[in-house]
Amino acid sequence: MIRRTFLGTAAALMLSTTAFAGGHSMDIVDTAVGAGTFNTLVAAVQAAGLEETLRGEGPFTVFAPTDEAFAALPEGTVETLLMEENLDQLVAILAYHVVPGAVMSGDLSDGMMATTVQGGEIEIGTMGGVTVNGANVVTADIEASNGVIHVIDAVILPSM
């Protein structure tokens, strides 16, 4: 159900927006793979069947947890989420890290709320550094052909 909602929303966005090109030839997935610090995120996106969506036209803003962020989760969490019976939960968590449109760091303001593709709200903080639901943005504005990536140091979880 959540996967269909995510894919439907992404498809609608792709049909209703223009590509965010800016001269960047790699999409969000290729950019994440090329960075070498998002192996867990990329594996989760592939396991959830969302790779094609994140290679789509977009634009998308992805708050991307690093491999270290996933490693900080309680032991066994990632493995459990990757199990077939938990894929809906995995899709919900991944979709919670994606906001429709290309949102650059200059567009953010303290206390700003943004609706994620998952349907939940995330809160942006800008006092003493940029945060997303308390996770620190460690690198901002990594542009891709179909959006932007902001690197975060924690996995953010939706209310379930």
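The rules we used
- Residues numbered from 1 in each chain as written.
- Predicted model: local features only at pLDDT ≥ 70, side-chain atom pairs only at ≥ 80, totals over all residues.
- Heavy atoms only, no water.
- Helix = DSSP H or I, 4+ residues; strand = E, 2+ residues; numbered from the N terminus.
- Buried < 20%, exposed > 50% of the residue type's maximum accessible area, 1.4 Å probe, protein only.
- Pairing = 2+ DSSP bridges.
- pLDDT = per-residue confidence, 0-100.
- Contact = heavy atoms within 4.5 Å.

K.L.:
Explanation requested: unusual backbone geometry in the structure shown.
P.N.:
With the exception of glycine, most residues fall at negative phi, and the peptide bonds are largely trans. Look at the link from G58 to P59: it is a cis peptide, with omega at 5°. Mapped onto the elements, P59 comes out in the loop between α4 (51-54) and β1 (60-65). With a phi close to 50°, N133 is a non-glycine residue in the positive phi region. Residue placement: N133 occurs in the loop between β5 (131-132) and β6 (135-144). Judged by relative accessible area, which is 34%, N133 ranks as partly exposed. You will see that D141, though not glycine, has its phi angle at about 60°, which is positive.

K.L.:
Explanation requested: the pairing of strand β4 (residues 121-125) in the structure shown.
P.N.:
With three bridges joining them, strand β3 (residues 113-115) and β4 adopt antiparallel strand pairing. Counterpart to A114 in the pairing with β4 is I122. The turn linking β3 back onto β4 is made up of five residues, and G119 within it adopts a positive phi angle of 110°. In terms of strand pairing, β4 meets β5 through two bridges, oriented antiparallel. Directly across from G125, in β5, lies its bridge partner T131.

K.L.:
Is there a simple way to explain the pairing of strand β7 (residues 147-152) in this structure?
P.N.:
Along any regular strand the residues' side chains alternate between the sheet's two faces. Within β7, six of the six residues are buried, leaving the element largely enclosed by the surrounding structure. Of the two faces of β7, the one carrying G147, I149 and V151 and the one carrying V148, H150 and I152 are both buried. Of the pairings in the sheet, the one linking β1 to β7 comprises six bridges and is parallel in character. The residue bridging F63 from the neighbouring strand is H150, located in β7. The sheet contact formed by β6 and β7 spans five bridges and is antiparallel. Of the residues in β7, the one forming a bridge with I142 is I149. Linkage of β6 to β7, two consecutive antiparallel strands, is achieved through a turn of two residues.

K.L.:
Is there a simple way to think about the confidence of the model for the protein in this case?
P.N.:
Summary statistics for the protein give a mean pLDDT of 87 and a share of 84% for residues scoring 70 or more. Taking the mean pLDDT of every element in the protein, the minimum, 38, falls on helix α1 (residues 2-16) and the maximum, 98, on β1. Scored below 50 in pLDDT, residues 1-22 makes 39 contacts in the model with residues more than four places away or belonging to other chains.

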